[in-house]
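Survey of secondary and tertiary structure
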Amino acid sequence: MCQLSKKLIPAFLLVSSILSHVNAELFTALADMEELLETESVLISNLENFIIAQEEKVDFLRRKVSEYKREHNEAATDVSSYLSNPVNAYLLTKRLTVDWREIESVMTFDVGSAFVANITRYREVLKFPGDEDLNGAAVALMRLQDTYNLDTHKVAQGELNGVKYSTEMSANDCFELGRQSYMNHDYYHTILWMEESLRKLENESNRTIDRSDILEYLAFSTFKQGDTHLALTMTNELLELIPDHERARGNKAYYEKELQLQASKSQLRGDDGSDAVPKAKEEMILPYSKADNSIYTTNERKLYEMGCRGELSPSPKELAKLKCRYVFNITAFLRIAPLKLEEANLKPYIVIYHDVMYDSEMEIIKSMAKPRFRRATVQNHLTGELEVAHYRISKSAWLKDEDHEIIRTISHRLHDMTGLNMDTAEELQVVNYGIGGHYEPHFDFARREETNSFKSLGTGNRIATVLFYMTDVPQGGATVFPHLRLSLWPKKGTAAFWFNLFADGEGDYLTRHAACPVLAGTKWVSNRWIHERGQEFLRPCLLQPDSPTEEHLKV
């Protein structure tokens, strides 16, 4: 191999400080996503070195061809005279043997293979996102778009709720968002992003995607949303671009047959003089993600999303009853260090404690949690087993009192805040939300039919919840109680507290709450779920049941 070829083989440096390879669910926590920037930095450097090596190869060949042309042109002026010189004859022979073999070696040497091998080795030590992460990130963006009523064009411009956060998307970027939605059978968002891709394509001088690719997805999604006429029009345009497109030809025939069938049915309905009844536009464009009512009702979803946007609030009459005060009468310690309490709701009683966690404590908790992060789970109400769910996107870690003095201090502080026994409370759960991270409306307590929930703990139901906010969130990320029309906004160092159960042990259904998607910024929270066991004398039952009757439990 020639010296140039040897020079083009790059050295691979293994940096010992790089974390071990993880290739799953990176989109569920922004703490993991941050490491992808390190991965991208290494890949950019590798690509730059590849380009330099390619340029060196081309420069070498360019110098050689210039040298050969100069000699060849000199010889062509007088061939006999040139070859009569033995030195020239030798050099010509050398050029066509040894020199040309070296040229062939350089031409056939694959510069890219060494750099591709680098990438393969990088995958063993760096975090790389997978297809699941790409799909998760795309779904998260669709969720944000729905929850916050974001305009597709503005999002493509890098604008979220009037704030410019990023560079504009290309036509290809928009196309891929549409394609990911298509793969999820979400034809509503497929149409939105394929149409935006077409608009972007019209303004691109260096086109990043073919119009035919967009039309193929857009036409079929339009058909799936009920507009067969428009789907046929788009398919005809696609066939003008690619006449032998086999799938488009098949779809065209199918759409034409469907239109004939629709026309026939329309005529039959009109025989009695009545008008044909077209499908409602709202039904045609109902998003796939919004058509699934298996988690909660449409009305509750509406309240939840309004709360996320800050469009819900208690009435002025209810707000007038709320107070802020110092709390000093729960434990002896609070007499010398009272807590700042803000009432957020009276029934059920929900309060916010201010300045109850120091910055230094939060940083220690975050650093301890990161290496332990796992995809956050929910408890299956039938089996009691923990499992991941699409309606909870975050990563969590559990910290015990014995893990660090700070965790023990937090437990003592929680006793001072609530007056409750922390011995039977669950461990401190630390959560970091990922792209569009959220947790849809849920109860913290186990309902009557959930007989297996918390059975293994043997400490009864979750009587109360304490939720610490460990970051400020620029946009989104509220904790919403839809049926109370209440939104709690993350403020670093604060903690929300509420009772999940009435004094008689029945669940308070009005405590149903949700974590809104994070629109901009990062959201860290930690929480403790306090259980019934050990609270018998601290929060005793009343003489009469204080929970609503059965018919009032429905929300």
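Let me sum up the structure you'll find in this document. Keep in mind that this is a model prediction, so the values were computed, not measured.

**Examining the pairing of strand S10 (residues 428-433)**
- The element S10 is largely enclosed, with a buried count of six among its six residues.
- Residues Leu428, Val430 and Asn432 point to one face of S10 and Gln429, Val431 and Tyr433 to the other, with burial holding for every one of them.
- Relative to S10, strand S9 (residues 394-399) is paired through six bridges, and the arrangement is antiparallel. Residue pairing across strands places Ser396 opposite Val431, the latter belonging to S10.
- Here four bridges tie S10 to strand S19 (residues 524-531), and the two strands are oriented antiparallel to one another. Across the sheet, residue Val430 finds its bridge partner in S19, namely Ser526.

**Describing unusual backbone geometry**
- Omega for the peptide link from Lys347 to Pro348 comes to -5°, which places this bond in the cis form.
- The residue Pro348 is located in the loop between strand S4 (339-345) and strand S5 (350-354) in this model.
- We note that Asn149 has phi near 50°; this positive angle belongs to a residue other than glycine.
- Looking at the secondary structure, you find Asn149 in the loop between helix H6 (131-147) and helix H7 (152-156).
- Residue classification places Asn149 among the exposed positions, given a relative accessible area of 52%.

**With respect to the layout of surface pockets**
- What the largest pocket holds in volume is close to 1400 Å³.
- As for the largest pocket, its lining consists of 36 residues, of which Met33, Ala137, Leu141, Met169 and Ile435 are closest to the centre.
- Elements with a minimum of two residues in the lining of the largest pocket: helix H2 (30-77), H6, helix H8 (171-183) and strand S18 (518-520).
- When residues in the lining of the largest pocket are grouped by element, the largest group, seven residues, is from H2.
- Looking at the lining of the largest pocket residue by residue, the class counts come to 21 nonpolar, eight polar and seven charged.

**Remarks on the packing of H6 against helix H9 (residues 187-202)**
- Two numbers describe how H6 lies on H9: the axes approach to 12 Å, and their chain directions differ by 90°. Classed by the angle they form, the pair H6 and H9 counts as roughly perpendicular. Where H6 approaches H9, its residues Met142, Gln145 and Asp146 are matched on the opposing element by Tyr188, His189, Leu192 and Trp193.
- Residue composition of the contact of H6 with H9, by class: four nonpolar, two polar and one charged.

Criteria and thresholds
- Residues numbered from 1 in each chain as written.
- Predicted model: local features only at pLDDT ≥ 70, side-chain atom pairs only at ≥ 80, totals over all residues.
- Heavy atoms only, no water.
- Buried < 20%, exposed > 50% of the residue type's maximum accessible area, 1.4 Å probe, protein only.
- Helix = DSSP H or I, 4+ residues; strand = E, 2+ residues; numbered from the N terminus.
- Pairing = 2+ DSSP bridges.
- 1 Å grid on protein atoms, 1.4 Å probe; cavity = no way out; pocket = protein on both sides within 12 Å on 5 of 7 lines; lining within 4 Å.
- Points joined across faces, edges and corners; volume = space filled by probe spheres on them.
- Nonpolar A, V, L, I, M, F, W, Y, C, P; charged D, E, K, R; others polar.
- Axes fitted to C-alpha atoms, helices over the stretch in contact; angles between N-to-C directions.
- Parallel < 35°, antiparallel > 145°, perpendicular 65-115°, else oblique.
- Contact = heavy atoms within 4.5 Å.

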